[in-house]
Amino acid sequence: MRDYSNQLTFVFDLDNTLVETDRANNLSYMDAINTVLHSSISWDFNNRFTRNELCLLFPNLSEELYESVIKTKNERFYAHMGDTTLNTNLVKVLGVLYSTGCRTILLTNCHRERALSVCNHYGISQLFSDKYYAEDKVGSKYEVLIRNGFDLSSVILFENETEGAQEAMANGIAERNIIGIKF
């Protein structure tokens, strides 16, 4: 067991930080919408399709069909794993931090099953001291860190989204400790 007392904690987001997943995500949604709703939509692949967009495009979608689209999308994601891209430079940083005894945390809004499949696909799962997923959060994903006793003043966060950085700051991570990642 490693002793992490009095050390910085390095926290990594997954989607579009460690691994670019937008294309695979969007293709998975397109497949699911086609399969479940027998509909095809055009989508600007420069933007990530989300559950919110699904509800906006199909406002009268029943709960049963909504759940079926999400389930099918999640199943189809694995077929599109080849449409993801590893951030090799950031993974090198992660590897060095982990191998030198630093505490490295995966903190993602992604659900556990998909997050683990992406990490396992790229062989990076073992580079994290701890992993927290969508299922672990009550409020924001940063609340998970607080609940688990992490000192947010010692957290260095790797994040790709402006909204994620703002949420981190609102939860006590200093702006100077947030490293913006772009693919």
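Refer to the preceding data block for the structure.
Residues numbered from 1 in each chain as written. Predicted model: local features only at pLDDT ≥ 70, side-chain atom pairs only at ≥ 80, totals over all residues. Heavy atoms only, no water.

Another aspect to go through is the environment of Leu145. Counting through the fold element by element, Leu145 comes out in helix H6 (residues 141-147). For the pair formed by Leu145 and Ile181, sequence separation is 36 residues and the distance between their alpha carbons is 20 Å. If sequence neighbours within four positions are ignored, Leu145 has contacts with Val11, Ile105, Leu107, Tyr132, Phe150 and Leu152. (Helix = DSSP H or I, 4+ residues; strand = E, 2+ residues; numbered from the N terminus. Contact = heavy atoms within 4.5 Å.)

Next up on the list: the nonpolar core. In this structure, Phe12, Leu14, Leu18 and Phe128 are the most contacted members of the largest nonpolar core, which totals 26 residues. Breaking this core down by element, the ones donating at least two residues are strand E1 (9-12), helix H4 (88-99), helix H5 (112-122) and strand E6 (155-159). Once you skip the residues sitting within four places of it in the chain, Leu14 turns out to touch Val19, Leu106, Leu107, Thr108, Cys110, Ala115, Val118 and Cys119. Formed by 15 residues, the second largest nonpolar core is a distinct cluster that contains Tyr132, Tyr142, Ala165 and Ala168. (Core = buried A, V, L, I, M, F, W, Y, C linked by side-chain atoms within 4.5 Å. Buried < 20%, exposed > 50% of the residue type's maximum accessible area, 1.4 Å probe, protein only.)

This brings us to helix H1 (residues 22-37). With 16 residues, H1 should reach 22 Å at 1.5 Å per residue; the first-to-last C-alpha distance of 21 Å fits that figure. A large share of H1 lies buried, amounting to twelve of its 16 residues. Residues of H1 that are buried include every one of Asp22, Ala24, Asn25, Asn26, Leu27, Ser28, Tyr29, Met30, Ala32, Ile33, Val36 and Leu37, and no others. In this structure, the buried side of H1 is in contact with strand E2 (19-20), helix H2 (51-57) and helix H3 (63-77). (Expected span 1.5 Å × (residues − 1).)

Inspection of the secondary structure assignment puts Asn26 in helix H1. The buried category is assigned to Asn26, whose relative accessible area is 0%. Apart from the residues within four sequence positions on either side, Asn26 is in contact with Trp43, Phe45, Asn47, Arg48 and Phe49.

Let's shift gears to the pairing of strand E4 (residues 103-107). Burial analysis of E4 places four of its five residues in the buried class, which makes it a mostly covered element. Of the pairings in the sheet, the one linking E1 to E4 comprises four bridges and is parallel in character. Bridge assignment links Phe12 to a residue of E4, and that residue is Leu106. Sheet topology places E4 next to strand E5 (residues 130-132); three bridges connect them, and they run parallel. (Pairing = 2+ DSSP bridges.)

Pairing within the open sheet is parallel, and its five strands lie in the order E5-E4-E1-E6-E7. In the strand order of this sheet, the two ends are held by E5 and strand E7 (178-180), each with one partner. Averaged over neighbouring strand pairs, the angle between their axes works out to 20° when direction is ignored. Across three bridges, the pairing between E6 and E7 is parallel. When the sheet's bridge partners are listed, Phe158 is paired in E7 with Ile179. (Axes fitted to C-alpha atoms, helices over the stretch in contact; angles between N-to-C directions.)

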